Amino acid sequence: MCRDGRVTPNIPPNSKYAIRATAENQYDKIRFSVTKTTDGEYVAVHDVVINYLAVNMDGTTISETIRTAECSLAQLNEYDWGLKFGDEYKGLKVPMLDDCLRLAAMYNLGVALDFKWT
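Given the structure is predicted, the values throughout are model-derived calculations rather than measurements. (Residues numbered from 1 in each chain as written. Predicted model: local features only at pLDDT ≥ 70, side-chain atom pairs only at ≥ 80, totals over all residues. Heavy atoms only, no water.)

(A) Molecular detail of the pattern of salt bridges. The tally for this structure, following the rule as stated, stands at five salt bridges. Measuring nitrogen to oxygen at the nearest pair gives 3.8 Å for the salt bridge that ties Arg 3 to Asp 4. Arg 3 gets classed as partly exposed once you look at its relative accessible area, which sits at 40%. For Asp 114, the salt bridge identified is with Lys 116, shortest N-O distance 3.4 Å. (Salt bridge = Lys/Arg side-chain N within 4 Å of Asp/Glu carboxyl O. Buried < 20%, exposed > 50% of the residue type's maximum accessible area, 1.4 Å probe, protein only.)

(B) Examining helix 1 (residues 16-24) more closely. Along helix 1, the residues classified as buried are Ala 18, Ile 19, Ala 21 and Thr 22. Buried residues along helix 1 cover an arc of 160 degrees about the axis, so they all sit on one side. A positive backbone phi angle near 65 degrees is found at Gln 26, which sits one or two residues after helix 1. (Helix = DSSP H or I, 4+ residues; strand = E, 2+ residues; numbered from the N terminus. Arc of directions from axis to C-beta.)

(C) Region of interest: the nonpolar core. In this structure, Val 43, Ile 50, Leu 76, Tyr 79, Trp 81 and Val 94 are the most contacted members of the largest nonpolar core, which totals 19 residues. Secondary-structure elements contributing two or more residues to this core are helix 1 and helix 2 (73-76). The contacts of Trp 81, once residues within four sequence positions are left out, are Pro 12, Val 45, Ile 50, Leu 53, Ala 54, Leu 76, Leu 92, Lys 93, Val 94 and Pro 95. Ile 30, Val 34, Ala 44 and Leu 97 belong to the second-largest nonpolar core, a separate cluster that totals nine residues. (Core = buried A, V, L, I, M, F, W, Y, C linked by side-chain atoms within 4.5 Å. Contact = heavy atoms within 4.5 Å.)

Next up, the structure:
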């Protein structure tokens, strides 16, 4: 099993690139950590804060602590979820659980879910 598609540290976790890399590296299962936003959307974000995973749209570090579960989907998408991992990933939005599950199925990957709330 591969956690969050993190085959290499320079691919944004839970992105379509990470899911593809998981399959290409012959894993048969991927684990997605799931958080529910304030507006009821399910996102695949491992950390309880987004600061390690996202940056401001201009590429600068997020200065305040942003808790994933305390944001709406629109608020999470005010940040860039790919740029921190390289210019080729610039513009990625927060990974949606539905998209991750669909891509995992396309690559014939089993899925384990890790829920980040009680």
